[in-house]
Amino acid sequence: MQYPIDKYKSQAETMFLSLFGTFKLWTNGWQVGNAFDTLTDYVFYFPDVETTQGEVVEAALDRWKKIQGSMCWYDDWGWWGIASAKAFDDKYADIFGWRRSEFQQIAIDCWNTMHTGKPGQHYSYKGGPNVWENRDPPAYFESTEGWAVPRFPDGVWQYDMFELPRTDPQDCSPSNPSNPKDCLLGPFQNTVMNGLYLELALRLAQYNQGTGTVDAAKAEMGFLNKWFALDGDDSLLQRFPHPDKSTLVRERVSTYASQDGGKTFPAVEGYHTVDQWGGDQGLLLGGLLDYLSIDPSDPMTQIRALSIARGVFFHMSDELGVRPYSVGFHDQNDPDDYSCGSGVFWRYLLHGFNQNPELRSYVLEVVNMDPENNAIYRSAEKAFTQRRPLNGNALFMEFNIVACLLAATQILSEANG
């Protein structure tokens, strides 16, 4: 079977132009940073799409300067940091042009914010890895009322923990105060934050950039491996039965530390065993494969990356292709944010396809085993009839389509031979 690559290219270009127009007016900071990452990927493959060289980067710099007021949680900076870290990669030198050093600095600044905290603030913010040490006051989060003691060390949080409302000045977080029994952002170790932190650390580490990035990546991987190793509903991994040998990553860790000597472990608010977000699958797929660059010694890193890709193809896809999240997903009253799950997955799948020979071979095997009904082909064919977020988020509707068609074009072109 020959796949209609020219059709996908034409559709992708049309949607890229629409996405770029939406992007230049969008005001949600992390959403803009997420879309920026894929816009530069598209320009990398199709540089002629820019009317003038560097216009995507110029528009991104304009957005960066105007969206600072919407940046609140540590993970917000992760999206911008990863997208901007491409400025260290010589393959993207022409795309960033004379703005290259500015985006290199943005990447470093984003890492510093995630790693050590937001500078110049009235309240104390010491970064994702230091949230537990920085809790305010310490005793509350070790009490029965506010128990949020982490089960394992070395992970990261989206935001700092504090018992009393911060109103003078008003804190930017809706989790104000941070209540472990309230299903807002709260003191939860979400997969998205841990995935972004790992991926940004690794992207910078490969260019010897950023303070403590290698050590941070190793500590984060140690944290994730502890959660991966647990069984059943406690694990961060949803495992599917043999001979499937596939997994999906759950949306957040399941439990806090035990209060009774290890007999029971209190559940984390908002945790559901059926919740797997497509963006987390992409981030962990990317993080695991990038981790091989600093530590190729553990064979489980490669195995887990392949099992996540397999899980998406066979357990997070349907007649319309790859889904943004699992069936029955609880979106925490935030369908807007979670709607981009498929686009994030496609971006990291394409990154891994070009980076990792074993993933490349596996993806092509998926296509060749079922040429007319594989998840990649279904997704490309149904790109314009994919699910729409309930609130009609135009940026993410267009982003998902561009990311899907860009990945499908490269993969299916290879399958065509």
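Per chain, residues are indexed from 1 in the order of the written sequence. For a predicted model such as this one, the threshold for reporting local features is a pLDDT of at least 70, and the threshold for listing and counting side-chain atom pairs is 80 or more; totals across whole chains, interfaces and linings nevertheless cover every residue. Where side-chain values are given, they derive from all heavy atoms of the structure, hydrogens and water being excluded.

## Comments concerning the nonpolar core
- As used in this record, nonpolar core signifies buried Ala, Val, Leu, Ile, Met, Phe, Trp, Tyr and Cys residues forming a set joined through side-chain atoms within 4.5 Å. Burial classes follow relative accessibility: with a 1.4 Å probe on protein chains only, a residue under 20% of its type's maximum area counts as buried, one over 50% as exposed, and anything between as partly exposed. The biggest cluster of nonpolar side chains holds 138 residues, and the ones touching the most others in it are Phe23 and Phe313.
- Numbering of helices and strands starts at the N terminus; helices are DSSP runs of H or I of at least 4 residues and strands are runs of E of at least 2. A per-element tally of this core places helix H15 (residues 394-416) first, with 13 residues.
- Working rule for contacts: check all heavy atoms of both residues, and any pair within 4.5 Å makes them a contact. Among residues more than four places away in sequence, those in contact with phenylalanine 313 are Phe345, Leu349, Tyr362, Val363, Val366, Ala375 and Ile376.

## As for the packing of aromatic side chains
- The pairing test for Phe, Tyr and Trp rings, Trp by its six-membered ring, is centres within 6.5 Å, and the orientation test on the planes gives stacked under 30 degrees, edge-to-face over 60, and tilted for anything in between. Scanning the model with the defined rule gives 30 aromatic pairs in all.
- An angle of 45° between the planes, with centres 5.5 Å apart, marks the rings of phenylalanine 36 and phenylalanine 103 as tilted. Of the two residues, phenylalanine 36 sits in helix H2 (residues 29-45) while phenylalanine 103 sits in helix H6 (residues 100-116), which places them 67 residues apart along the sequence. With respect to burial, phenylalanine 36 and phenylalanine 103 carry one shared label: buried.
- By the ring-pair criterion, three or more aromatic residues cluster together here, those being Phe16, Phe20, Phe23, Phe36, Tyr42, Phe46, Trp64, Trp80, Phe96 and Phe103.

## As for the environment of alanine 375
- Here alanine 375 shows up in helix H14 (residues 375-381).
- When the C-alpha atoms of alanine 375 and alanine 229 are compared, they prove to be 29 Å apart, with 146 residues separating the residues in sequence.
- Residues in contact with alanine 375, not counting those within four places in the same chain, are Phe313, Ser317, Gly321, Val322 and Trp346.

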